[in-house]
Amino acid sequence: MSLPAPYPASRPRRLRRDAFTRALVREHHVRASDLILPVFVHEGENRVEPVASMPGVARLSLDRLLDVARECVDLGIPVLALFPVIDASLKTPDGREATNPDGLVPRVVRALKEQVPELGVLTDVALDPFTSHGQDGVLDERGYILNDQTVEILAQQALVQAAAGVDIVAPSDMMDGRIGAIRTALEAHGHIHTRIMAYSAKYASAFYGPFRDAVGSAANLGKADKKTYQMDPGNSDEALREVGLDLAEGADMVMVKPGMPYLDIVRRVKDEFRVPTFAYQVSGEYAMIKAAATNGWLDHDAVMMESLLAFKRAGADGVLTYFALEAARLLKQAKAG
């Protein structure tokens, strides 16, 4: 980087003097088209169950979810990400309900694509919402996740979702080789247009707690953790290896999760691979901002938008965030004003 002329020939504050100049030279922007809205869906009609640890977020039945989907289109949010909350009676040690073509997720996907076809739909490929133990795969007798057996089920899950018409499958399980297995299965069954957004650098983070409350896996997981398959928070080079493997196996897009505590990883991934790179502003990040704003310690809207801008500045092409609707409404108001 070449150094500018010294003061007073160079006065950086000239470009900060007024709003129009700041807008003129701003390097990064947040737009509604950068956002993906994660939603929690459950069975029933006219059901809205607030998630206590995520103020403003609720589990929705399909009829209520359709209203949200239509608002996404109106606000310019391009994609909605589905996370199922299924009845405990359907949960089994192997999570086989994930492969049911008439299960909750395929039915919701078909309804969304029929009634709101202009909205992109992304589905989670993972077994933790479906397993009785809350882990992301099949366990052996010692409680260790069996990688290859789990991958077989994940590939079937992805096929069921693709057959229902989903646009993007997003494997979040962190099993080795699952992207290649899913891509091979999709190609073999003619789903050549189904995109894969791989959770490539997903860390064993303490920021996921409210999400596990929302999908009902927290109680099943208990005091167990996911450290044998999700990444160690102390590792950075490993994230690049994981991303490289997923791209080689057929991923179209990659993701870093969590978001703000791992912005350095987002930047390294984008600089190294120059591929579509996404970040997930996870439930714990959302809940912290909401709690601080509720207590009057932070300006909610200002911090929300600043946090989203941080993702863009770090190199993210898009952000999965529970703030998507609120942020998009704010952006629409600002444009109208």
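Refer to the structure above for everything that follows.
Draft legend 1. Examining the pattern of salt bridges more closely. Counted by the stated rule, this structure contains 22 salt bridges. Close ionic contact of D173 with R178 constitutes a salt bridge, the shortest N to O distance being 3.1 Å. One exposure class covers both D173 and R178, and it is buried. For R268, the salt bridge identified is with D237, shortest N-O distance 2.7 Å. With a gap of 31 residues between them, R268 in helix α9 (residues 263-273) and D237 in helix α8 (residues 237-249) connect regions that are remote in the sequence. The class of R268 is partly exposed, set by a relative accessible area of 33%. Residue class for D237 comes out partly exposed when judged on its relative accessible area of 47%.

Draft legend 2. Just the packing of helix α2 (residues 62-75) against helix α12 (residues 324-336), in detail. Taken N-terminus to C-terminus, the directions of α2 and α12 make an angle of 35 degrees; their axes are 10 Å apart at the nearest point. As for how α2 packs across α12, the hand of that crossing is left-handed. On the side of α2, the interface is formed by V68, E71, C72, D74 and L75, while α12 contributes L325, A328, R329 and K332. Classifying every residue of the contact of α2 with α12 by side-chain character gives 5 nonpolar, no polar and 4 charged.

Draft legend 3. Structural context of the pairing of strand β4 (residues 79-84). Counted residue by residue, β4 has 6 buried out of 6 residues, so it is predominantly covered. Side chains V79, A81 and F83 of β4 all project onto a buried face; the interleaved residues L80, L82 and P84 project onto the opposite face, where all are buried too. Pairing of strand β1 (residues 35-41) with β4, which is carried by 6 bridges, proceeds in the parallel orientation. Pairing of V39 across the sheet is with L82, part of β4. Looking at chain direction, β4 and strand β5 (residues 120-125) are connected through 4 bridges and run parallel. Within β5, the position partnered with L80 by the bridge is V121. As a crossover connection, the stretch from β4 through helix α3 (residues 104-115) into β5 is right-handed.

Draft legend 4. Structural detail: the pairing of β1. Extensive coverage of β1 is indicated by the burial of 7 of its 7 residues. Here β1 runs beside strand β10 (residues 318-321); their pairing, made up of 2 bridges, is parallel. Within β10, the position partnered with I36 by the bridge is L320.

Draft legend 5. Focus on the environment of F211. Tracing the backbone shows F211 in helix α6 (residues 209-215). Residues F211 and V166 lie 45 residues apart in sequence; the distance between their C-alpha atoms is 22 Å. When residues no more than four places from it in sequence are discounted, the contact partners of F211 are F40, M54, F83, Y280, S283 and Y322.

Draft legend 6. Geometry of the packing of aromatic side chains. A full pass over the atoms with the stated rule returns 10 aromatic pairs. Ring geometry for F40 against F83: centres 6.2 Å apart, planes inclined by 45 degrees, an arrangement best described as tilted. Note that F40 is positioned in strand β1 and F83 in strand β4, a separation of 43 residues in sequence. Residue F83 is classed as buried on the basis of its relative accessible area of 2%.

How each quantity is defined
Throughout this document, residue positions are counted from 1 along each chain, in the order its sequence is written. For this predicted model, a pLDDT threshold of at least 70 governs which residues receive local features, and a threshold of 80 or more governs which side-chain atom pairs are given and counted, while totals over whole chains, interfaces and linings are taken from all residues. Only hydrogens and water are set aside when side-chain values are computed; all heavy atoms of the structure are taken into account. Here a salt bridge means any side-chain nitrogen of Lys or Arg lying within 4 Å of a carboxyl oxygen belonging to Asp or Glu. Between buried and exposed lies partly exposed: a residue is buried under 20% and exposed over 50% of the maximum accessible area for its type, with that area taken using a 1.4 Å probe on protein chains only. Starting at the N terminus, helices and strands are each numbered in turn, a helix being any DSSP run of H or I of at least four residues and a strand any DSSP run of E of at least two. Lines are fitted to the C-alpha atoms to define the axes, a helix being fitted only along its stretch in contact, and any angle between axes, read from their N-to-C directions, falls within 0 to 180 degrees. A clockwise turn of the near helix away from the far one marks a right-handed crossing, whereas an anticlockwise turn of less than a right angle marks a left-handed crossing. Contact definition: two residues touch when any of their heavy atoms are within 4.5 Å. All residues other than Ala, Val, Leu, Ile, Met, Phe, Trp, Tyr, Cys, Pro, Asp, Glu, Lys and Arg, Gly among them, are scored as polar; the first ten of these are nonpolar and the last four charged. Paired strands, in this sense, are two strands between which DSSP finds at least two bridges. When the strands point away from the viewer, a crossover counts as right-handed if the path from the first strand over the helix to the second runs clockwise. For this analysis, a ring pair means two rings from Phe, Tyr or Trp (six-membered ring only for Trp) whose centres lie within 6.5 Å, classed as stacked if their planes differ by under 30 degrees, edge-to-face if by over 60, and tilted for the remaining angles.

Function-wise, these values are silent; they only describe arrangement.
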